[in-house]
Amino acid sequence: MAGHHNDRNDSSQMKTLLQPEELCKNCKKDKIEQEKEQNSKDVTSEASCSSSSSFPSSSSSSTSSRPSGNGDVRDRHVERDEPVPTQRQDDAPSCCQLDDLKRLPQCQSKLGRLAFSGSHTVLVDVLAFNQRAGLRPLKGRDLWHSNFVKMPCSSHSVTIVKSPIFKNPTQTSRWEVISKNLGGLAKKTSVDVDDVAEAIMKYNQKYKDKWSFDALASFVKAVPKTENYFDTLFPKIAALALKLPDYVKKAIPLLQRGHTSSITLSQVQISCLLANAFFCTFPHRNTSTPNSEYHNYPTINFSSLFGIWSDRKKEKLRAIMHYFKVVTDEHTKPKGLVTFERRYLRDTDKPDWKSSKSTMPKLFVSCGDIETEGEGMLQVDFASSWIGGGVLGSGLVQEEILFLMNPELIVSRLFTEKLGDSECLIITGSQQFSGYCGFSDTFEWAGPRDDHHRRDDWDRLQRQILAIDALHFKHRRDQYTLNNVTRELDKAYCGFKSHGHSEPDIATGKWGCGAFNGDPQLKAVIQLMAAAKANRGVAFFTFRDEHLKQGLEQIYNLLVKEGITVGKLYGLLKNFCAEQRSDGFHLDLFEFIKNSVRCSRSLL
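This structure is a prediction, so every number in the text was calculated from the model and none was measured.

Draft legend 1. The overall build of the protein, seen in detail. Looking only at helices and strands, one finds 19 helices and 13 strands in the protein. Out of the 604 residues belonging to the protein, those deemed buried represent 58%. When contacts within the protein are restricted to residue pairs at least 6 apart in sequence, long-range pairs at least 24 apart make up 79% of them. As displayed, the protein offers around 24900 Å² of accessible surface, 48% of which is attributable to carbon and sulfur atoms.

Draft legend 2. Geometry of empty space enclosed by the protein. In the structure shown here, the tally under the stated rule is seven cavities of 30 Å³ or more. As a volume, the largest cavity reaches approximately 130 Å³. Forming the boundary of the largest cavity are 14 residues, of which E371, Q379, N406, Q432 and R463 lie nearest the centre. Here the lining of the largest cavity gets three residues from one element, more than from any other, and that element is helix 13 (residues 398-405). In terms of residue class, the lining of the largest cavity is made up of six nonpolar, four polar and four charged.

Draft legend 3. Structural detail: the pattern of salt bridges. Scanning all chains against the criterion turns up 24 salt bridges. The shortest N-O distance in the salt bridge between E423 and R342 comes to 2.8 Å. Of this pair, E423 sits in strand 8 (residues 423-428) while R342 sits in strand 5 (residues 337-344), and the two are 81 residues apart along the sequence. Of the two residues, E423 and R342, neither departs from the other in class, the shared state being buried. For D545, the salt bridge is made with K510, and the minimal N-O distance between the two is 3.3 Å. Taken together, the residues D545 in the loop between strand 13 (538-541) and helix 17 (546-561) and K510 in the loop between strand 12 (506-509) and helix 16 (520-534) connect sequence positions 35 residues apart. Looking at D545, the relative accessible area reads 0%, which means it is buried.

Draft legend 4. Spotlight on the environment of L274. Along the chain, L274 falls in helix 9 (residues 267-278). Look at L274 and you get buried, because its relative accessible area is 2%. For the pair L274 and E408, spaced 134 residues apart in sequence, the C-alpha to C-alpha distance is 8.0 Å.

Draft legend 5. Representation of a negative patch on the surface within the structure. A contiguous patch of negative charge, built from D192, D194, E198 and D231, is present on the exposed surface. Of note, D194 is situated in helix 5 (residues 193-202).

Conventions used here
- Along every chain, residues carry numbers that run from 1 in the direction the sequence is written.
- In view of the model being predicted, local features appear only for residues whose pLDDT reaches at least 70, and side-chain atom pairs are presented and counted only at 80 or more, with totals across whole chains, interfaces and linings using the full set of residues.
- Excluded from the side-chain calculation are hydrogens and water; included are all heavy atoms of the structure.
- Secondary structure elements follow DSSP: runs of H or I no shorter than four residues count as helices, runs of E no shorter than two count as strands, and numbering proceeds from the N terminus.
- The buried label applies to any residue whose accessible area, calculated with a 1.4 Å probe on protein chains only, is under 20% of its type's maximum; exposed applies above 50%, and partly exposed to all values in between.
- The contact rule is simple, with two residues in contact once any of their heavy atoms fall within 4.5 Å.
- To measure how exposed things are, a 1.4 Å probe is used in the Shrake-Rupley method; for residues, cover is taken only from the protein chains shown.
- Here the term cavity refers to a set of points on a 1 Å grid, laid over the protein atoms alone, in which a 1.4 Å probe fits but cannot get out; the term pocket refers to an open set having protein on both sides within 12 Å along at least five of seven lines, with lining residues being those that place an atom within 4 Å of a point.
- Grid points are joined across faces, edges and corners, and a volume is the space filled by probe spheres set on the points.
- Following the grouping adopted for this structure description, the nonpolar residues are Ala, Val, Leu, Ile, Met, Phe, Trp, Tyr, Cys and Pro, the charged ones are Asp, Glu, Lys and Arg, and the polar ones are all others, Gly among them.
- Put simply, a salt bridge is a Lys or Arg side-chain nitrogen that is within 4 Å of an Asp or Glu carboxyl oxygen.
- Grouping into patches uses exposed residues only, defined as over 30% relative accessible area, and leaves out salt-bridged ones; the cut-off is 9 Å for like charges and 5 Å for nonpolar side chains (Val, Leu, Ile, Met, Phe, Trp, Tyr).
- Only four residue types enter the charge count: Lys and Arg as positive, Asp and Glu as negative, with His and the chain ends excluded.
- All charge positions are set by atom: Lys at NZ, Arg at CZ, Asp at CG, Glu at CD.

Printed below as a string of structure tokens:
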């Protein structure tokens, strides 16, 4: 899928550190400098939320310190046709504290018993689970159908093999060939990369001259002997892959465009599916040409990860191999459930943005990062429409890093069709196996991480990740149309929309910026509007962008004090887009809003 997303870099984010005690060499110096800067900037940063006299221009490349926003909580949320009172307490900060936002598990609603439905497929035995009899695979039928994942162990999966006995090639069960070759690896105590490559090519002969295992071979050579356990791990991964017929007995439906549907499966089942992806066993999934069967789905087999060597591939493989080390150990393998839910926002459910009376939601702003400070919230994955982006290729920005730290997310590529404009994917229960530091070319795997999240009533870890894809603008000016703004509002609202009375607030940031050319100020305002309509608070993380932090705090303060509704703000964005495209220079959105509000006030 390289042509779709492998080199995506859709956010100019900071080097993120999940484990402060495990700093990589690229981050130690930065951390010391940040701590020095923090002491001298705390007073200025704390005052920025209550100031309304200065609106600095936002920049997406600032690398300042990491103060937290502060201020009183704004509890009132309006969505009805009534006059909105104007607030004029200029000395009262509007941003809330981080602790004022809702998180899991505190806001967890009662789930009830695990159940399947026409739109929710459960791959474990529901009766046994509800009776606390363990996680047993649900029995079902093998379906070789366009609406389901075509499994490597299906009786319909065949391959052509050349026989030394018969002149003509013969057709045989592909799973038999896979079982023979992976079974040979599983019986060994030590397996090298050449053995792995030879086994994979036995049932993928069509790609004999196209696939390379250079990255995998170079990786094994590059890792010091003290950390190099891969020769004994390869047989364990092979043995795990071969358990597929025992672990997944029911057909897996595809999460297709235009439908809201979900799949719940066990972490053990996910590990088995990913072991098969590692050994490239999934049929019909090795090409993304326009006429191929799965052209509208991401790749799942690991062949592209094993190809051309790079330092990025080294760090990716360190994370992936650690995951397999954990899940192939009987003492450490996870034993919970994970749910993947595709949501589709129908046209009838899209808000009438220009008429909305919703006012601004609670807002916390920080120069920090989503993963640490946003723990327990609905964490936004700045996604590619091809879920996972370039995680199996050369991509290494926010989404790819997220998938490497939580490798169970990768299995979503097996069954999730490319996201449409009114769709999102929400994953509940994925486990974080690793820590990291750095970003893109400075990314480094920072060792194992123990995930201490509690589990809900369905044995899912209380972590929710929301994948929403922003538009990719070839030219920055293209985003300044009302159609594009509305598309981004609908996309964000699709993910933010509540489906219960007690759901966590949203942890997000510079969604769709960087190489996607999104305007950080515009994207921040869009997400605020969508969250307001969804009646959820926002923790916005600017990834060291101090200018954006201060500007967002101050414009939010103005919007709150003036009682600006979502509908009013939508009208301001309409005017802003018109002026932005008519003028020959770039306009600052925050300055435009400030001047427009002041002008309206002067006319009263």
